Protein chains: 2
Amino acid sequence: MNDRLARVTLMRLAEPGDAVMGRLVASRGPQAAVGQIRAGRPDPEFARWFAESHRRGSAVPQRERLTARLERMFASWAARLEAADPIRDLAEGERSGGRLVVPGDCEWPTQLDDLGECRPHALWLLGEADLRFSCLRSVAVVGSRAATPYGTHVAAEFGAGLSERDWTVVSGGAYGIDGAVHRGALAGRAPTVAVLACGADVTYPSAHHSLFAAVRAQGVLVSECPMGSHPTRPRFLVRNRLIAALSRGTVVIEAAVRSGALNTAGHAVSLNRHLAAVPGPVTSETSIGCHRLIRQGKATCVTGPEEMIELVGAMGGDLAPEPRGPVLPRDRLNPETRSVLEAVPARTGAGPATIAVAAGVDLETVLSCLGGLAAAGYVERVPRGWRLRPDRPPGR
Amino acid sequence: MNDRLARVTLMRLAEPGDAVMGRLVASRGPQAAVGQIRAGRPDPEFARWFAESHRRGSAVPQRERLTARLERMFASWAARLEAADPIRDLAEGERSGGRLVVPGDCEWPTQLDDLGECRPHALWLLGEADLRFSCLRSVAVVGSRAATPYGTHVAAEFGAGLSERDWTVVSGGAYGIDGAVHRGALAGRAPTVAVLACGADVTYPSAHHSLFAAVRAQGVLVSECPMGSHPTRPRFLVRNRLIAALSRGTVVIEAAVRSGALNTAGHAVSLNRHLAAVPGPVTSETSIGCHRLIRQGKATCVTGPEEMIELVGAMGGDLAPEPRGPVLPRDRLNPETRSVLEAVPARTGAGPATIAVAAGVDLETVLSCLGGLAAAGYVERVPRGWRLRPDRPPGR
């Protein structure tokens, strides 16, 4: 059994992200790991490591319990191994258009190695884009399935804005934020990456059939589960670590207090990736999680794709434009002229002496300022003195 | 002329916040300041200070220009002094129900002394509440005049929430956020403080007539301008320093890029008061200023009055409750039982062995977990094995 077949087998044995299996594979290699599972029992050194790393205190009965627990794990893996058929898995996966990538392959995204023992054994990919290349400049965009129209609007704007600037979107495949950000990204030219909690060939939710087809055409569907696997709740949570690990940073758009998106945010932080959150109305349940991340200082507040790119992009090279209001004609007046303008009444005219007292400047200055203001169309002379022109430039 | 009459006179001479006048009053006292202005020229030491603190470089012609400039200032103050009638001002102010408070009075809010030379000479108050006592526990709430319905809703919630918890609101008297926060505060029992850029007896905007009457009844109207003064643009900006100085902290609810509220925020920062901002939709122009303050790290993100009180209140004594989602029955299951529950299909039943392989636990555990889950109403036995009950507790 070669390395690829061993990894295809491992996908069938433990749940993705199983740390004990991960340790076994990382320390013994995939082929030897399968061999030990087939033998039905761990090697003594591994059993010692397991007992050491899981014990609380040092009682002998506890050690026996831990040994028994590890043996039960091996037994359940062995039971699954009986049913596994990696050659068929590989052939069927490739028949449905998929490709298997394993560590060491050209298309393997090496940033997944940051996951250590929780690194996936292998990935099934479906789609035109090259995963490794796509993820070099990528941002994870995650959020609530039960998104509001505000959330899906913002997600689509982020997707389109990132894609237009050649940044790849990484997200899941769910309703709400996930779907909206992929749709936005597909409007641009960059690839978009959907990491699924089910098999890469399973459309879940099924209403996303045409969306997944579009992602396959312009991006790539990714899964660490065997083809045909159905999604379960823990698989969603475990899948989130891949979304965080594949990208340079994660932005949360809408998350309620108990959103799975906050789990992805936690992975991003523990992987030393950038974390950002988009604020929303404080009256909205689905923004509570975002505001909490910002309040706690875990996430940077970002309001648009440019600001997200500034966060994850090259230092100084990807700065977002500062928001600026319009420059009003009034801004170009000097302070003395401005204070004279402030003192000119709107309806009934006032004489220069009155204006001078109101503005706190001397009469000579008032007269020269009024001349300039009249020439610029701000004020006009009326029988009783000076007043503002009704059609003056905006701002006063 | 006594101290009070001198201060009433000073209110007529220079614009509020005039730093040169402030320095003159702080160093010479109000009576001597009026005396110098009446004499029409500064004492030599003050002239030297002015020239020193305003010069750029050391050229002699520049010094002469500065001396001339100070003399022009004194001349314009002297011209206003001619027209001033402090005895009438005091009598008319008191006739319209106002009271004058000056530094040293019982009702003088000593936190205004933090303004240094920009401290107001005196304040006119109109209303039932004691200003100094009201501001001991106070929060400034400021924001856009052109507020959205979202902004006015949030402002009213802040006003009511602060007032219910015995915190005084300090704000201006404008449309938008100012008006909404006072209305909210009036729903509670705490006083509310409106600091005006016009005379305390001037209703600006005039549509706020009944609002100002309600503030007078439950709180206090405050102004550093003589009674009857009309508002000008610079007076609004200068007034903002009083709002920031009177309160323990300022919260900005909705501010566009060029909002006057950001000026108040700047005063709060330079006075070492707490600064907070309320986030809003990133699609809203009127939240750009708030998001920028949060992004720049100048303001803390707050989403409700409790969080604002936590920021400005006693350390550890005024903590806001953590937002929490509902506790689902599923949360109380142990991890093993939960993974068995995840593996139980929804429609067609599955046998315990299949469930065991899917859940990754041994058969014995599955059987004991299924028994417990059936007793708790999660699963039921059907001819082909076990499946989820349609009427199971929420969450799975």
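Treat the numbers as computed from the prediction; the structure is a model and nothing was measured. (Residues numbered from 1 in each chain as written. Chains lettered and ligands numbered in written order. Predicted model: local features only at pLDDT ≥ 70, side-chain atom pairs only at ≥ 80, totals over all residues.)

J.: Help me get a handle on the sheet that holds strand β7 (residues 249-253) of chain A, residues and values and all.
T.: Think of a sheet as strands paired side by side through backbone hydrogen bonds, with each pair either parallel or antiparallel. Residues and elements named next belong to chain A. Read across the sheet, nine strands follow the order β1-β2-β6-β5-β4-β3-β7-β8-β9 without closing on themselves; strand pairing throughout is mixed. Looking along the sheet, the strands with just one partner apiece sit at the ends: β1 (99-101) and β9 (300-301). Note that strand β3 (residues 138-143) and strand β4 (residues 168-171) share three bridges and pair parallel. By the bridge assignment for β4, A140 is matched with V170. Here helix α10 (residues 209-218) sits on the sheet and contacts β2 (123-126), β5 (192-195) and β6 (220-223); the angle it forms with β5, its principal contact strand, is near 125°. Across the sheet, helix α12 (residues 260-270) touches β3, β7 and β8 (274-278), and the angle it forms with β7 is around 155°. (Pairing = 2+ DSSP bridges. Helix = DSSP H or I, 4+ residues; strand = E, 2+ residues; numbered from the N terminus. Contact = placed C-beta atoms within 7 Å. Axes fitted to C-alpha atoms, helices over the stretch in contact; angles between N-to-C directions.)

J.: Tell me what's going on with the interface of chain B and chain A, and back it up with residues and numbers.
T.: At the interface, 40 residues of chain B touch 39 residues of chain A. The set of elements that each furnish at least two residues to the side of chain B that touches chain A consists of α5 (60-83), α8 (149-164), α11 (233-246), α13 (288-295), α15 (335-343) and α16 (352-359) of chain B.

J.: Give a description of the sheet that holds strand β8 (residues 274-278) of chain B that names residues and reports values.
T.: All names here are of chain B. Taken in spatial order, the nine strands line up as β1-β2-β6-β5-β4-β3-β7-β8-β9 in an open sheet, and their pairing is mixed. This sheet does not close on itself; its edge strands, each paired only once, are β1 (99-101) and β9 (300-301). Pairing analysis gives two bridges linking β8 to β9, with the strands arranged parallel. Across the sheet, the residue bridging to A276 is T300, located in β9. Most of the contacts of helix α9 (residues 177-187) go to strand β4 (residues 168-171), to which it runs at about 160°, and overall it touches β3 (138-143), β4, β5 (192-195) and β7 (249-253). Each of β3, β7 and β8 is contacted by helix α12 (residues 260-270), which is oriented at about 155° to β7, the strand it contacts most.

J.: With reference to specific residues and values, describe α16(B).
T.: Of the positions making up α16(B), those classed as buried are B:I355, B:A356, B:V357, B:A358 and B:A359. One or two steps after α16(B), the chain reaches B:G360, where phi turns positive at roughly 75°. (Buried ≥ 20, exposed ≤ 12 C-beta atoms within 10 Å, placed from the backbone.)

J.: Describe the pairing of β3(A), listing the residues and the values that go with them.
T.: All names here are of chain A. Summarising burial for β3: six of the six residues are buried, a large majority. Here β3 shows two buried faces, one formed by S138, A140 and V142 and the other by V139, V141 and G143. Crossover connection from β3 via helix α8 (residues 149-164) to parallel β4: handedness right-handed. Direction of pairing for β3 relative to β7: parallel, over a ladder of five bridges. What sits directly across from V141, in β7, is V251. (Right-handed = clockwise from strand over helix to strand, strands pointing away.)

J.: I'd like a rundown of the domain arrangement of chain A, residues and numbers included.
T.: All names here are of chain A. According to the domain assignment, chain A consists of domain 1 (3-85), domain 2 (110-312) and domain 3 (329-388). Taking only C-alpha atoms, the centre of domain 1 and the centre of domain 2 are 31 Å apart. Listed per partner, the contact involves 14 residues of domain 1 and 13 residues of domain 2. If you list the elements that add at least two residues to the side of domain 1 that touches domain 2, you get α1 (3-13) and α2 (19-28). In terms of residue class, the side of domain 1 that touches domain 2 is built from eight nonpolar, two polar and four charged. (Domains from an automatic or database assignment. Nonpolar A, V, L, I, M, F, W, Y, C, P; charged D, E, K, R; others polar.)

J.: Which residues make up the packing of helix α4 (residues 44-54) of chain B against α5(B), and what values do they have?
T.: Any two packed helices are characterised by the angle at which their axes cross and by the distance between the axes. Residue and element names in this part refer to chain B. Between α4 and α5, the least distance of the axes is 9 Å, while the angle of their chain directions is 120°. What the angle tells us is that α4 and α5 run oblique. In this structure, α4 meets α5 at a crossing whose hand is right-handed. Counting all contacts with α4, which are made through A47, F50, A51 and H54, the residues of α5 involved are R63, L66, T67 and L70. Broken down by class, the residue content of the contact of α4 with α5 amounts to five nonpolar, two polar and one charged. (Parallel < 35°, antiparallel > 145°, perpendicular 65-115°, else oblique. Left-handed = near helix turned anticlockwise from the far one by under 90°.)

J.: Tell me about the packing of α1(A) against helix α3 (residues 30-39) of chain A, and name the residues and values.
T.: Residue and element names in this part refer to chain A. In contact at an axis separation of 8 Å, α1 and α3 are set at 50° when each is read in the N-to-C sense. The angle between α1 and α3 falls in the class oblique. Handedness of the α1/α3 crossing: left-handed. Facing D3, A6, R7, T9, L10 and L13 of α1, the residues of α3 in contact are P30, Q31, A33, V34 and I37. In terms of residue class, the contact of α1 with α3 is built from seven nonpolar, two polar and two charged.

J.: I'd like a rundown of the relation of the copies chain B and chain A, residues and numbers included.
T.: Structural alignment of chain B on chain A gives an RMSD of 0.1 Å, achieved by rotating through 180° and translating 0.0 Å along the axis. Both chain copies can therefore be described as sitting about a two-fold axis. The position closest to the rotation axis in chain B is occupied by the C-alpha of B:G280, lying 2.3 Å away. Same-surface contact between copies: 98% of interface residues of chain B are shared with the interface of chain A. (Least-squares fit on C-alpha atoms with pLDDT ≥ 70 in both.)

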